[in-house]
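Listed below, chain by chain, are the residues.
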Amino acid sequence: MEPKERVKELRELLERYNYEYYILNASSVSDAEFDRLMNELIMLENEYPELRSNLSPTQRVGGAVASEFKKVTHKRLMLSLANAFDEDDLKDFDRKVKEALNVDKVTYMAEMKIDGLAMSLDYANGALNYAVTRGDGNVGEDVTQNVITIKSIPTHIKTDRPFEVRGEVYMPKASLISLNEEREKTNQPLLANARNAAAGSIRQLDSKVAAFRKLEAYWYYFVNANEFGFTKHSEALKYIEELGFRTNKERRLCDGIDEVLAYIEEYTLKRPNLDYDIDGIVIKVDDMTKYDTLGYTAKTPKWAIAYKFPPEEVQTKLEDIIFTVGRTGKITPNAVLSPVRVAGSMIQRATLHNEDFIISKEMKIGDTVVIRKAGDVIPEVVKCLPEKRTGNERPFEMIDNCPVCGEPLVKIDAMHFCKNPRCDAKHIEGLIHFASRDAMDIEGLGDKIVELLFNEKFIHDIPSIYNLYTFRQDIIFMDGFKDKSVDNLIEAIERSKQNSLEKLIFGLGIKEVGEKTAKILARRYIELEKLMEADYEELLGIPDIGPISASSIYEYFHNEENIKLINDLKQLGLNMKYLGKVASDDSSPFYGKTVVLTGTLSSMGRKEATELLESLGAKVAGSVSKKTDYVIFGVEAGSKLDKANELGVKTLDEESFLALANANDK
Ligand code: IVH
């Protein structure tokens, strides 16, 4: 047999065995036989490099190393889901669906809401074309080589037609435990939870690392169901299952919302016994012919909803309360907790906000407290349990002096501040903020290094960062630094001089000026000098800027010290101009795209919309053709919208347009 044919035969055999093993859980060959065939294929691919393929079963153990991930535009926007938190939200959803469809009862599909990361698999001519992450919903990253290390995912399917499925890649609970055991042995930091672990694995540039991570996937959405003649989501799922995609068996068709509620109750109890993490239950209208009638919001379909389980609460001991000083001088009390696992990660600190918060909860040091993760990310202290007191608890006392410089604190509303402009803590926090990613993005200048360089007196204020290079020789001899890391740091500092103005404005740490306001100001004034000249009224006139921010901005730029700081930075060569989105920033989904506007938008006029689009790098055209990338429609849109639909051009309603336009504004 010709090598080419044998390679084909081996690949087909190995893929079939993979399918049997990973999907059907029933192998028709021994491990030894599988290995023998795999080895034969590896040898042939080595001998005949021209026969190699990215989709070969040999690639499923990893091997390919990428330098970056290619960006891919989704053929259809990759949506997320609206959330429901309780029975009322679910009944509300049901009511709206019934009203829109004018029926008494709806059949829903209830499914596990897998806690992983969303993935799209696109096939062309029966072979996997690419596996892409959701990204911003419009553009994601091509992570095919990592995704095919998940052996249950078919690299080939029995249909040549355009075909896309979407689902969730996740890390089974057992994989996370064994991975963390391994990491503990080799002194590597532990992965906080299954979702982060899955996302981190998929973003590995070295596919061997991804292969080692033992991920899995479930597929829950067949994008082309309609073209394939399916009218029910449940049937579409059955079909993709037949084609070899792993679907979740816990799903159940529910006749009406009451059955959905019973299903949720059942799985709230079963949840701990599943071998993967779920963070809720997804409910979808089964009849897909109703999807268009039900419609969409900017980011979510109205025919589905995600019920989210209430956050997990655990008890632990409040060991102590310590105080930190922020860059505005604000004092924050923090709970020091006996380490405890909540929603998959270890927690030992949580903010207690301010004195009043602690007093209102009647908390004592040594108390047993209940904590949970708000929005699954930030840990919060819910309450203390006085009934668990032993008598050894100490009362909480607010401090009167700054824990860093000793200056008496000033109380404003519920908060305490250190007003000493020379307080080290404020300086350090201010410098950390200046260098942070969303501000000047100086790589290598994180919390610890700032603190170290500050304590060694190599930096004391913002301009001194830009003179750090004069200490190169001294820094090299410090613990933890090497030639190369010092040089990289100095280079990163130099590079930051070219940042666009909004990063500098945000980095200055003006009270009330977050990243978004910084961007608004930079876009509006283009040059820092112009912003400095703005008076209070003018600032107040800017949409999104209220009286408190306006006066804070005005005061900041009329303070001698700050004016000197900005002059110093200018002398040091920092860019003071907005380098803008126009033509230089391709991070907007509209960059380089041809867009047509039709109908009336409610939030802005035609001229404003055009300006906004142009500032995002789009070309705004008057008529729709095959070359049009998007048609944005408002009310009373006419023939242009019809034409767009006819040509298959992507259309966006006002909400979706604004969501995409603001996608990078955070
Ligand atoms: S359906 C338009 N089904 O949860 C279809 N999503 O919070 C949108 N997810 O973005 C997705 N399990 O990443 C769907 N059975 C399931 C899911 C599921 C997990 C994820 C998915 C989605 C997110 C929304």
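As the structure is a computational prediction, the values presented were derived from the model and not from experiment.

(A) Seen up close, the overall build of the chain. When its secondary structure is counted, the chain shows 25 helices and 24 strands. Computed over the C-alpha atoms, the radius of gyration of the chain is 29 Å, within 12% of the 26 Å expected from 2.2 N^0.38 for a compact globule of 666 residues. Each of the three principal axes of the chain carries a C-alpha extent, and together these read 80 × 70 × 65 Å. The contacts of the chain with a sequence gap of at least 6 include a subset with a gap of at least 24, amounting to 67%.

(B) Spotlight on the sheet that holds strand E24 (residues 650-653). As summarised here, the arrangement of the four strands in space is E22-E21-E23-E24, forming an open sheet in which the pairing is parallel. Either end of the sheet is taken by a strand with one partner, and the two such strands are strand E22 (619-621) and E24. Within the sheet, the average angular offset between the axes of one strand and its neighbour, ignoring direction, is 30°. Both strand E21 (residues 594-598) and strand E23 (residues 630-633) contribute to a ladder of four bridges, which runs parallel. When the bridges of E23 are listed, Val-595 appears paired with Tyr-630. In this fold helix H23 (residues 606-615) packs onto E21, E22 and E23, with an angle of close to 165° to the strand it touches most, E21. The strands touched by helix H25 (residues 654-661) within the sheet are E23 and E24, with E24 carrying the most contacts at an inclination of about 95°.

(C) Structural view of the packing of aromatic side chains. Scanning all chains against the criterion turns up 26 aromatic pairs. Relative to Tyr-239, the ring of Phe-222 has its centre 5.9 Å away and its plane inclined at 35°; by these criteria the two rings are tilted. Placement of the pair is Phe-222 in strand E8 (residues 216-222) and Tyr-239 in helix H8 (residues 233-242), with a sequence separation of 17 residues. For Phe-222, a relative accessible area of 3% gives the class buried. For Tyr-239, a relative accessible area of 18% corresponds to the buried category. Residues Phe-458 and Phe-471 carry aromatic rings whose centres are separated by 5.0 Å and whose planes lie at 45° to one another, so their mutual orientation is tilted. Here Phe-458, found in the loop between helix H13 (447-455) and helix H14 (462-465), pairs with Phe-471, found in the loop between H14 and helix H15 (472-476); they are 13 residues apart in sequence, far enough to count as distant. Taken together, the aromatic side chains of Tyr-123, Phe-163, Phe-222, Phe-228, Phe-230, Tyr-239 and Phe-245 make up a single cluster linked through ring pairs. Here Arg-161 stacks its cationic end above the ring of Phe-228, 4.0 Å away from the centre of that ring.

(D) Representation of the site of the ligand. Around the ligand, 15 residues are found, and the nearest of them are Glu-111, Lys-113, Arg-134, Glu-168 and Tyr-220. Met-112 places a polar main-chain atom, nitrogen or oxygen, 3.1 Å from a nitrogen atom of the ligand. Within the backbone of Ile-114, one N or O atom sits 3.1 Å away from a nitrogen atom of the ligand. Taken together, the elements giving at least two residues each to the shell around the ligand come down to strand E3 (107-114) and strand E10 (278-285). Top element by residues in the shell around the ligand is E3. It accounts for four residues. Of the residues in the shell around the ligand, the class split is nine nonpolar, one polar and five charged.

(E) Unusual backbone geometry, seen in detail. Positive phi outside glycine occurs at Asn-25, with the angle close to 55°. One can find Asn-25 in the loop between helix H1 (3-22) and helix H2 (31-47). Despite not being glycine, Lys-214 has its phi angle at roughly 50°, a positive value. In this fold, Lys-214 is placed in the loop between helix H7 (207-212) and E8. Note on Lys-214: relative accessible area 52%, which makes it exposed.

(F) Representation of the environment of Lys-105 in the model. Position of Lys-105 among the secondary structure elements: in the loop between helix H3 (87-101) and E3. For the pair Lys-105 and Thr-517, spaced 412 residues apart in sequence, the C-alpha separation works out to 47 Å. Dropping the residues within four chain positions of it, Lys-105 is found in contact with Lys-98, Asp-255 and Gly-256.

(G) Representation of the environment of Glu-451 in the model. Looking at the element boundaries, Glu-451 is found in helix H13. With relative accessibility at 38%, the residue Glu-451 sits in the partly exposed group. In this structure, the C-alpha to C-alpha distance between Glu-451 and Asp-424, residues 27 residues apart in sequence, is 9.8 Å.

(H) Highlighting helix H16 (residues 483-496). The terminal C-alpha atoms of H16 lie 20 Å apart, and with 14 residues this matches the ideal 20 Å at 1.5 Å per residue to within 8%. Residues of H16 that are buried include every one of Val-486, Leu-489, Ile-490, Ala-492, Ile-493 and Ser-496, and no others. When H16 is viewed along its axis, its buried side chains cluster within an angular range of 160° and face the same direction. Away from its buried face, by an angle of more than 90 degrees, H16 presents the exposed residues Lys-484 and Arg-495.

(I) Highlighting the pattern of salt bridges. If you walk through the whole model with that rule in mind, you get 38 salt bridges. Between Lys-75 and Asp-122 there is a salt bridge, with the nearest N and O atoms lying 2.9 Å from each other. In this pair, Lys-75 is assigned in the loop between strand E1 (71-73) and strand E2 (83-84) and Asp-122 in strand E4 (residues 117-124), connecting sequence segments 47 residues apart. The residue Glu-87 makes a salt bridge to Lys-91 at a minimum N-O spacing of 3.0 Å. Of the two residues, Glu-87 and Lys-91 both sit in helix H3, four residues apart, roughly one turn of that helix. Put simply, Asp-92, Arg-95, Lys-96 and Glu-99 are held in one network by salt bridges that share partners.

Conventions adopted
- Every residue gets a number counted from 1 within its own chain, in the order that chain's sequence is written.
- Residue-level local features of this predicted model are given only where pLDDT is at least 70; pairs of side-chain atoms are given and counted only at 80 or more, and the full residue set underlies all totals for whole chains, interfaces and linings.
- In computing side-chain values, all of the structure's heavy atoms are included and hydrogens and water are not.
- Helix and strand assignments come from DSSP, with helices taken as H or I runs of at least 4 residues and strands as E runs of at least 2, each series counted from the N terminus.
- With C-alpha atoms as the basis for the radius of gyration, the globule rule is written as 2.2 Å multiplied by the number of residues raised to the power 0.38.
- Contact criterion: two residues are considered in contact whenever any of their non-hydrogen atoms come within 4.5 Å of each other.
- Pairing between strands is defined by DSSP: at least two bridges between them are needed.
- Whenever a helix is involved, its axis is fitted only over the stretch in contact; in every case the axis is a line through C-alpha atoms, and angles between N-to-C directions fall within 0 to 180 degrees.
- Centres within 6.5 Å are what make two rings of Phe, Tyr or Trp a pair, Trp counting through its six-membered ring; a difference in plane orientation under 30 degrees is then read as stacked, over 60 as edge-to-face, and the rest as tilted.
- Buried residues are those whose accessible area, probed at 1.4 Å on protein chains only, stays under 20% of the maximum for their type, while exposed residues exceed 50% and partly exposed ones sit between those limits.
- Ring-over charges, as used throughout, are those where CZ of Arg or NZ of Lys falls within 6 Å of the ring centre and within 35 degrees of the ring normal.
- A molecule or strand has a residue near it when one of that residue's heavy atoms lies within 4 Å.
- Whenever a nitrogen or oxygen atom comes within 3.5 Å of another N or O atom, the pair is scored as a polar contact, on the condition that within protein one atom can donate a hydrogen and the other can accept it, and that pairs from neighbouring residues in sequence are kept only if both atoms are in side chains.
- Three classes are used, and their members are as follows: Ala, Val, Leu, Ile, Met, Phe, Trp, Tyr, Cys and Pro are nonpolar, Asp, Glu, Lys and Arg are charged, and the others, Gly among them, are polar.
- The span expected for a helix works out to 1.5 Å for each residue beyond the first.
- Here the arc refers to the directions that run from the helix axis out to each C-beta atom.
- Here a salt bridge means any side-chain nitrogen of Lys or Arg lying within 4 Å of a carboxyl oxygen belonging to Asp or Glu.

The values are spatial; any link to function lies outside them.
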